[in-house]
Amino acid sequence: MTVRTRFAPSPTGYLHIGGVRTALFAWLFAKGQGGQFILRIDDTDAQRNVDEALAPILHGLKWVGLDWDEGPEIGGPYGPYFQSQRLEKYQAAVQKLLAAGAAYRDFATTEELQAEREESQKAGKPFVYSRKWRAETDADVKRLEAEGRAGVVRLLMPREGQFVLNDIIRGEVRIDWASEQDHVIQRADGTCLYHLATVVDDHDMQITHVVRAEEHLSNTARQVFMFERLGYEVPVFAHLPYVAEPGSKTKLSKRKLDKYLKNRDFAQLMEHGQSIARRLGMAVSAETFNPVIVDFYEQVGYLPHALLNYLLLLGWSLDDKTEDFSREDMLKHFSLERVNKAPASFDCEKLVAFETRAMQRLPIKQRVAKAVPFLQRAKLVSEPPPCDTAPYVTRILEAAGDRLKVAGDILDFDDFFVADDALQYDEAALDKRLRKPVEALPLLKKYREMLAAIEPFAADRLEAATHEFVEANGLKIGDIVHAVRVAITGKAVGFGLFETLAILGRERCLARIDRALNVAMQPSAGKA
RNA sequence: GGCCCCAUCGUCUAGCGGUCUAGGACACCGGCCUUUCACGCCGGUAACACGGGUUCGAGUCCCGUUGGGGUCACCA
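Predicted model, so just to flag it, every value in this text is computed and none were measured.

### A short note on unusual backbone geometry
Generally, phi is negative for residues other than glycine and the peptide bonds are trans, each holding for most cases.
Next up, step 1: Going from G79 to P80, the amide bond is cis rather than trans, its omega being -5°.
Next up, step 2: Along the chain, P80 turns up in the loop between α2 (50–64) and α3 (87–99).
Next up, step 3: Along the chain, E455 connects to P456 via a cis peptide bond; the corresponding omega equals -15°.
Next up, step 4: In this structure, P456 sits in the loop between α17 (440–453) and α18 (459–472).
Next up, step 5: Of note, the phi angle at E73 is positive, near 75°, even though the residue is not glycine.
Next up, step 6: Tracing the chain through its elements places E73 in the loop between α2 and α3.
Next up, step 7: Here E73 falls in the exposed class, since its relative accessible area comes to 61%.
Next up, step 8: You will see that R131, though not glycine, has its phi angle at about 60°, which is positive.

See the structure below:
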């Protein structure tokens, strides 16, 4: 029997980072042993814009490369894969449970139930429904309906003994049946609830292993109860620890961004992403654009594999040293047995470290291919790009080396793409390097003349000439290099100056220096 | 609060009774390199929550305490 796992998100409008990890583990477990990974949409809670709320989830899964064998868009032999389209199946299961004496019709009102709950709470006892409005016969049903009551269907849960679960990750877990409620599985209007639906679907779709987050652990007893009373084979369960907040053990949630933003690393990750997004002209509201949502990483230009590699090690490890996993390595080595039991907190710094390493290893050609779309989105390069774009960006990225951590970082080098007379100067750098040192402007002028004559206008020649220039004028290299950098890039920081000069070319360098000389003679913008 | 789960450096983890004076990675702190930034290199700080057992021997097994977390819907 081949292994079949599933990921069953509800259409919330975004893909949570913890959800990706759950999907990853389920995907790896199945695909690693030649099985199937199924995507099913838990939309029993019929919402209006399912398509709209689902799109980002499908998109996110595709982006990280977690492809599904059956599910939305591709269908499959056990469809439909949307719970909202499977109601008859659930209703049939309800009938079966009713017939088997595993469920009953119940006519209690919300208020009556609430009263019972409060009573047990007052008594300090766990709530156990009295089953007072349970209809045992058709006559009961008639009588209760005549009272104007609406009937739901509840599970007739055992009230003695223990449920024993053998979880792949957590081992043996015991729960007293008495602590379980008579859960509602069908509403008065005939619609069905999640617990029933998930059991019916997992069976219909022949799921062999339910790999899901730990918050479902306490749901397992009632689900297994249904599997058994429905005469279904019970799948194997594996409950993953959840992904926790940075620096805490509380479950990571999209709703607590304000709190996470107080974490320095998280705030930094966010700010870095937002600065890129802003330059792309994107909306950067924390509500829709933040590191808890997977889309964030795609928009900013992270490599999907780096995210996956990081997430893989969040709660799982192969041994005491292996950190880098190719997709093949992951599939080959992953096992649920080695998943940790304790929650793991989301560590931004480490994610960035994986990303940095992955980007460094990416061949230059691919780095260029990742970067160019960002230049286009920022309107720094036209679309389609001029034919000299690729070689030009290649030179920049070669010079930038590992300074490009995510593809969007290419925007740090926007100065290579703007017109000479549109270059923005960092005022602080201008003050420090050109306006404040008394000798700066005359020196820069002199250096400009040297540049005008130098042949060839190439990095190594420029470097040698600059050293000669420094020596001839009794300077230190720092006396000229910083001034030139500010003059030609507008910035205080950047990669090697001589590469920068060479890439820009003589004409643009001279034009920029001339303009900088002019600008530097004006008073600081802030004071003007 | 009831029930359930969890517990090794700041973080992710290795460790499945002796090889642990606890290993790796990220972060951090020094130093080197250096035209800025980044990288790189060298070195360093840093953990078995606590208390009882079991055992010749416990980070590793058991119990308790403490702490953390999850869950208690006609949500999924």
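From this point, things continue past the structure.
### Description of the confidence of the model for chain A
Next up, step 1: With 98% of its residues at a pLDDT of 70 or more, chain A shows a mean pLDDT of 92.
Next up, step 2: Listed scores for the predicted complex are pTM 0.94 and ipTM 0.95.

### Points about the packing of aromatic side chains
Next up, step 1: Within this structure, the stated rule accounts for 16 aromatic pairs.
Next up, step 2: Consider the rings of Y392 and F417, whose centres lie 5.5 Å apart with planes at 80°: the pair is edge-to-face. Placement of the pair is Y392 in helix α15 (residues 389–400) and F417 in the loop between α15 and α16 (427–435), with a sequence separation of 25 residues. The two residues Y392 and F417 agree in class, both being buried.
Next up, step 3: Among the aromatic residues, ring-to-ring pairing joins F25, W316, F325 and F334 into one connected group.
Next up, step 4: It is K254 that lies over the ring of Y14; its NZ or CZ is 4.3 Å from the centre.
Next up, step 5: One residue, R357, lies across the ring of F354, its end atom 4.9 Å from the ring centre.

### What to know about the packing of α17 against helix α21 (residues 506–521)
Next up, step 1: Closest axis-to-axis distance for the α17/α21 pair is 10 Å, and the angle between their directions is 165°. Classified by the angle their axes make, α17 and α21 are roughly antiparallel. Note on packing geometry: the crossing formed by α17 with α21 is left-handed. Here L441, L444, K445, R448, L451, A452 and A453 of α17 come into contact with α21, specifically with R506, L510, I513, D514, L517, A520 and M521.
Next up, step 2: Residue composition of the contact of α17 with α21, grouped by class: 10 nonpolar, no polar and four charged.

Conventions we followed
Residues numbered from 1 in each chain as written. Chains lettered and ligands numbered in written order. Predicted model: local features only at pLDDT ≥ 70, side-chain atom pairs only at ≥ 80, totals over all residues. Heavy atoms only, no water. Helix = DSSP H or I, 4+ residues; strand = E, 2+ residues; numbered from the N terminus. Buried < 20%, exposed > 50% of the residue type's maximum accessible area, 1.4 Å probe, protein only. pLDDT = per-residue confidence, 0-100. Phe/Tyr/Trp six-rings, centres within 6.5 Å; stacked < 30°, edge-to-face > 60°. Lys NZ or Arg CZ within 6 Å of the ring centre and 35° of its normal. Axes fitted to C-alpha atoms, helices over the stretch in contact; angles between N-to-C directions. Parallel < 35°, antiparallel > 145°, perpendicular 65-115°, else oblique. Left-handed = near helix turned anticlockwise from the far one by under 90°. Contact = heavy atoms within 4.5 Å. Nonpolar A, V, L, I, M, F, W, Y, C, P; charged D, E, K, R; others polar.

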